[in-house]
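One-letter residues, chain by chain:
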Number of protein chains: 2
Amino acid sequence: MVSNIIRNQEKTGKFSIGIDLGGTKIGTALVNGEGDIKEYIKHPTNAQQGKDVVINRIKQTIYQVINKSRVNLDNIKGIGIGVPGPIDARIGIVYSAPNLPGWEGVPICRIIENEFRVPVFLENDANAAAWGEKIFGVAKGVKDMICLTLGTGIGGGLIFDGKIYHGNKFAAGEIGHVIVNKDGPACNCGGSGCLEAYSSATGIRDRIVDLTKKVNNSTGENISKIDIDNLSLADIFKRARQGDPLVKDIVTDAIEYLGVGITILVNLLNPKMVVLVGGIANEGDNLLIPVKKFVFSRAMKIMLEDLQIVLGNLREKAGVMGAAALLWHIEET
Amino acid sequence: MVSNIIRNQEKTGKFSIGIDLGGTKIGTALVNGEGDIKEYIKHPTNAQQGKDVVINRIKQTIYQVINKSRVNLDNIKGIGIGVPGPIDARIGIVYSAPNLPGWEGVPICRIIENEFRVPVFLENDANAAAWGEKIFGVAKGVKDMICLTLGTGIGGGLIFDGKIYHGNKFAAGEIGHVIVNKDGPACNCGGSGCLEAYSSATGIRDRIVDLTKKVNNSTGENISKIDIDNLSLADIFKRARQGDPLVKDIVTDAIEYLGVGITILVNLLNPKMVVLVGGIANEGDNLLIPVKKFVFSRAMKIMLEDLQIVLGNLREKAGVMGAAALLWHIEET
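Analysis parameters
Residues numbered from 1 in each chain as written. Chains lettered and ligands numbered in written order. Predicted model: local features only at pLDDT ≥ 70, side-chain atom pairs only at ≥ 80, totals over all residues. Heavy atoms only, no water. pLDDT = per-residue confidence, 0-100. Contact = heavy atoms within 4.5 Å. Axes fitted to C-alpha atoms, helices over the stretch in contact; angles between N-to-C directions. Helix = DSSP H or I, 4+ residues; strand = E, 2+ residues; numbered from the N terminus. Parallel < 35°, antiparallel > 145°, perpendicular 65-115°, else oblique. Nonpolar A, V, L, I, M, F, W, Y, C, P; charged D, E, K, R; others polar. Buried area = accessible area lost by both parts, 1.4 Å probe. Salt bridge = Lys/Arg side-chain N within 4 Å of Asp/Glu carboxyl O. Pairing = 2+ DSSP bridges.

Undergrad: How do you make sense of the confidence of the model for chain A when you look at a structure like this?
TA: Regions with low pLDDT carry predicted coordinates that are not meant to be interpreted in detail. Mean pLDDT over chain A stands at 92; residues scoring 70 or higher make up 93%. In this model, residues 1-10 of chain A is a region of pLDDT below 50 whose contacts with residues beyond four sequence positions or in other chains number 20 contacts.

Put into structure tokens, the structure is as follows:
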């Protein structure tokens, strides 16, 4: 297959390919060392077709970005993959991925290396997003930073002393499962009162559904006019700002508990920067201003001296660019 | 002064001197590379006499352990100091120490180096205790570990990838100021609902005093027979076990919130080991068993796979041995 690659009009320089493997989409980007995306494509994952089909699809997307970009294969220095689930970055194995059926113990690095004959690096998707913001985004040059991915769930990436921190079993960074209220609602992780249960999109929606049921039950009639399935997160935040009693307190809780979570991170880890990415971060200042207000009123003075809490600036490309940048991580150290 | 040191009967090998500078006591130990304490002395700090007197006292204690041990000065490879307050380990400066009047911007490493002509290392006292358990204690050989110092306050040391993690402003590890209840009582740090307000000796005592006042006010008479000032922490835990209504719930809270705090650490940082040291850790299994039960029922499965929660085994010497071991940290890396 390698021989199929168009070899005329070749571009020189150092390039890397990043893959953001999600439950619904595969994003693939060809990136240079300055973080310029030379080519980007997105395909449906069709995860239900099984592991082998998805792996072939990944290979195809890699061939596509190479072909479209007309970069000489010799100038592709590596490939990085971000995967939503527990992995071992050192040995390049995906242990499992809840949204990707069949992905259990997959030696993805070896599989892709065998096809393209370049080094392949693996990371958890939240770590990849953090690394993207660290190498190419808002946290460029920052040694100690924490990235929160605020979406359907809440994940996180911890960058300590300029490196991704993995923990003992490569599982560190589960910011969504920091307990913010020990008597809070049950969480998918088996615990309860986790940040994710309050401040993720799923947490917010679930709490609105629960409250709606309670209100309807207690009044004996269907007073709720909220059609939760057709309401975007942006709509929910807007309704809260307009004072809708059914969502206001829940959104207030979401923001305040996110403040609690970040205060915990700040007092514990003394980062220079906390970066918010993901769908909920699209709320921008509506989210950032009250969260900062909470953290700056509650965290220790010494931790606040040189702290920045900011939105990421790579948006939905953080993961794919971070995956591409895994190569430079290795080369630098 | 160096010439005053007794030079007969000299011991050879590599030795280090550790100093645990506290608000009330200065502990000084001469330790070999295997972690055997060859000499140990403890003096009152008399901190109110001021910085210069205390610095001289530190020098005297160093001379004393050297003289008593009869170790050849050439075999003393370094000195380490643990200080209760914000410091910069890199440049060897104590920024401040709440319990040591006058200790502001003190270049303690340079001062001690000028006297003894060996490398001098500085750490925050909680980091020193963590390092002691890591190099000589229960966490020997463990790369990712977290040490909680449970005493008057609650501090912590974070060991990531085999090194002390300092954070951006050398302030990381304030485990006592992890928020465990956002609506909880005010904390000395300026925040509220911190772990320290529930699970430190001061937190437990303050809450008992508050509850006693409330009970006495509401009944209009002094039903409380607790003389809090003359009650040891061990007495308080014992009374709780016996069912004393005035302390039972408060001790239960202290243990449960400690469980919350450790669950937060475990889900966030995926350590291999969590080590409990300090006065409250002397409760042993009475503390350890319920705390482990909480964490193992609430933390994520993947984080629990290879997790140990244990008591430190250096007891009150963790800090002084960790200070001594700072030398080997530097030599090893």
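Undergrad: I would appreciate a short explanation of the packing of helix α6 (residues 233-241) of chain B against helix α7 (residues 245-269) of chain B in the present structure.
TA: The description of two helices packed together rests on the angle between their axes and the distance between the axes. All names here are of chain B. Between α6 and α7, the shortest axis-to-axis distance is 8 Å and the interhelical angle comes to 110°. Comparing the axis directions of α6 and α7 gives the class roughly perpendicular. The segment α6 lies against α7, with Ile 236, Phe 237, Arg 239 and Ala 240 engaging Val 247, Lys 248, Val 251 and Ile 255. Residue classes in the contact of α6 with α7 are distributed as 6 nonpolar, no polar and 2 charged.

Undergrad: Looking at this structure, I do not really get the interface of chain B and chain A. What am I missing?
TA: By convention, interface size is frequently given as the accessible area that disappears when the constituent parts associate. If you look at the interface, chain B gives 44 residues, while chain A gives 44 residues. With both sides pooled, the region where chain B packs onto chain A buries about 3900 Å², and carbon together with sulfur makes up 60% of that total. Taken together, the connections running from chain B to chain A amount to 2 salt bridges. Here B:Lys182 makes a salt bridge to A:Glu256, at a shortest N to O gap of 2.9 Å.

Undergrad: In this structure, what is going on with the sheet that holds strand β11 (residues 273-277) of chain A? I would like to understand it.
TA: Backbone hydrogen bonds are what pair the strands of a sheet, in a parallel or an antiparallel way. All names here are of chain A. In spatial order, the strands read β10-β9-β8-β11-β12; together these 5 strands make up an open sheet with mixed pairing. Looking at the sheet topology across the chains shown, the edges are occupied by β10 (163-164) and β12 (308-311). In the packing of helix α3 (residues 125-135) onto the sheet, contacts are made with β8 (145-150), β9 (154-160), β10 and β11, and the angle to β9 comes to roughly 50°.

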